[in-house]
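The lines below spell out each chain.
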Amino acid sequence: MESLHLVYDVPGGDLTHAGEASSQVKQTLRKMRYDSDTIRRVSVCMYEGEINMVIHAEGGTAAVDVGLDEITITLADRGPGIPDVEQAMQAGFTTAGDQARDLGFGAGMGLPNMKKYSDEMKIDSTVGVGTTVTMVVHIP
Amino acid sequence: MRHSVVLEYHKCRGCTTCIKNCPTEAIRVRNGKATILPNRCIDCGTCLRVCPHHAVTSMHDNFNSLQNYQYTVAVPDPALYGQFHNLDSPDLILASLLELGFDSVYEAAAGAELLTGYLTSRPEDPDRPVPEISSVCPAVVRLIRIRFPSLLGNICPLLLPTELAAILAREKAVRETGLSPQEIGVFSIVPCSSLVTAASSPDGQIAPVLDGAFAIRDVYKALLSPMKALAGKPLPDLSLAGRAGAGWAFSGGESYAHRAERYVAVDGIDNVIRMLEEIEDGRLPEADFIELRACTQGCLGGCFCVENPFIARMRMKRLMGELPEARSVYRPGSRVDDLIASTQKPEYYPTFQLDPDRRVAMEKMRRIQALEEQLPGLRCGSCGAPSCRAFAEDVVMGRASEDDCIFKVRERMQNVAGKSEADEYLPAPFRRRRTIPQDPPAQP
């Protein structure tokens, strides 16, 4: 199937640059005539995922598969892993440190927002190995 | 759209300063001269400011055009007031404008107060977008139209204070003189290129409501002598605006006038872009109202202002201390409501689209990516494009040839001439042979 593959390196520990991959994906999608709502959903998913990778893991990679029917975002890190995925999915649950919270991050809305803005979401996580979050956004 | 930002080709040396500073990547250098891609230009005036050769300018009217009308009205932007020191009342400026040959004055600040009145007295509406984005800066509205279509619905679709003032001024002049609307010339006095463009190609009006626009810097010079002559003399009450309207000249002034409590005021085009990205990413600040201005300090930092914007702001604050809160009072159900209702909502202008067919666009994007990977990523500007990505896009879109990249040419030269000589074809920063520049030893 026709698709465009985009890969971004998300550097760890640097909240000042979080959001750059999301911004680039947005511009790319706009050039290909994706509708505003789709672009917005993809960018929220990307942005929240990027922030998670920066706060909880030492960064990782964000891969975006842009297809004609759907856009798949795969965020992979080699961070500490999520011990209880169900708990992590609850709105407001957070393990973010004070530094992140002082900056206004870590409100416990990252994963819930990613779920809300994607049509499908899957989390593969192994404690001590890392986490891969896969999100799919359907094109209307 | 008729852009006001234009290049004076005989002054341009093709130095590439503008292409790297343009926030919408709208400029390319070809044949040693910069050229503007009209569909991308938002008339923000950044290139006017950064051009070291003063080759970028903005077209605006000259005073001779006043002679084409039986009766003329000046609509000065409140930013004009910040250009003068020791100003106790806008009346001195307004009276001096009459000395210059205008038959009457109607301040944009009065239009601003009517808009503020409208906004603060509208009933609550749960369907209103949050946050609302101000439409006061035409460069920002155009930026959203080409780059942030998902936020178009957040724009508060008001006409510009200058436009409202111009329409009301013309109607008033018709009533008072009995002339036809065409015999009356209404001219804005503006701080920036985007408002010159707005005068002839309005974003929210079906037809222009102004007959022309003058740059503050030109009017400033002309005003100096009448202002000197009138200083200290009793002046007629000409001003129709107070603090609330005057404050629109700087960033945050509009929010202050609306008594918005949770507002964010952002100035400077790069900061504006960052804020729009954040809103788009769902990182909504806890704000109801977002005021965005392309220029530092807002309109006081416009490219036609003569005074340092920070000093101008201090002067504005001093002047505002002398003024009543407001002088123009909005009445629900008045003409203002009709004019706001007939203002067009801003629409998406898809200038960055690669192709109307998504399949074709995707194929083009793939080629852009493949080419970009082979480019050095230096943003050297030698090809005339602002970045390697923009260059790759230009090549795929037929606006440039791969050979316009000096590094691509070098690859070819290496094949023809052998490795060491190919180095000679590169500018100094990129040559392999290293000569480290050193300062001469410091003299005690």
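Residues numbered from 1 in each chain as written. Chains lettered and ligands numbered in written order. Predicted model: local features only at pLDDT ≥ 70, side-chain atom pairs only at ≥ 80, totals over all residues. Heavy atoms only, no water.

**Considering the overall build of chain B**
Okay, so step 1: From N to C terminus, chain B includes 17 helices and eleven strands.
Okay, so step 2: Expected size for 444 residues packed as a compact globule is a radius of gyration near 22 Å; at 25 Å, chain B falls within 12% of this value.
Okay, so step 3: Once the C-alpha set of chain B is aligned to its principal axes, its extents read approximately 80 × 60 × 50 Å.
Okay, so step 4: Counting over 444 residues, chain B shows a buried share of 54%.
Okay, so step 5: Sequence separation of 24 or more characterises 75% of the internal contacts of chain B that already satisfy a separation of 6 or more. (Helix = DSSP H or I, 4+ residues; strand = E, 2+ residues; numbered from the N terminus. Rg over C-alpha atoms; globule rule 2.2 N^0.38 Å. Buried < 20%, exposed > 50% of the residue type's maximum accessible area, 1.4 Å probe, protein only. Contact = heavy atoms within 4.5 Å.)

**Structural notes on helix α12 (residues 309-321) of chain B**
Residues and elements named next belong to chain B.
Okay, so step 1: In a regular helix each residue adds 1.5 Å, so 13 residues correspond to 18 Å; α12 covers 18 Å between its end C-alpha atoms and thus fits that length.
Okay, so step 2: Among all positions in α12, only P309, A312, R315, M316, L319 and M320 are buried. Projected onto a plane normal to the axis of α12, the buried residues spread over an arc of 135° and lie on a single side. In this structure, α12 carries M314 and G321 as exposed residues pointing more than 90 degrees from its buried face.
Okay, so step 3: Buried residues along α12 sit against α3 (90-99) and α9 (243-246).
Okay, so step 4: The backbone nitrogen of F310 lies 2.7 Å from a side-chain oxygen of the residue at the head of α12, namely N308. (Expected span 1.5 Å × (residues − 1). Arc of directions from axis to C-beta. Polar contact = N/O pair within 3.5 Å; in protein donor to acceptor, adjacent residues only side chain to side chain.)

**Overview of the nonpolar core**
Okay, so step 1: Of all hydrophobic cores here, the largest spans 88 residues; its most connected members are I144, L276 and L292 of chain B.
Okay, so step 2: Mapped onto the domain boundaries, this core takes at least three residues apiece from domain 1 (5-58) and domain 2 (63-341) of chain B.
Okay, so step 3: Among the nonpolar cores identified, the runner-up in size contains 55 residues, and I71 and M114 of chain A together with C383 and L426 of chain B belong to it. (Core = buried A, V, L, I, M, F, W, Y, C linked by side-chain atoms within 4.5 Å. Domains from an automatic or database assignment.)

**Considering the layout of surface pockets**
Okay, so step 1: Estimates place the volume of the second largest pocket at around 500 Å³.
Okay, so step 2: For the lining of the second largest pocket, the per-class residue count stands at six nonpolar, two polar and nine charged. (1 Å grid on protein atoms, 1.4 Å probe; cavity = no way out; pocket = protein on both sides within 12 Å on 5 of 7 lines; lining within 4 Å. Points joined across faces, edges and corners; volume = space filled by probe spheres on them. Nonpolar A, V, L, I, M, F, W, Y, C, P; charged D, E, K, R; others polar.)

None of the figures reported here should be taken as evidence of function without further support.
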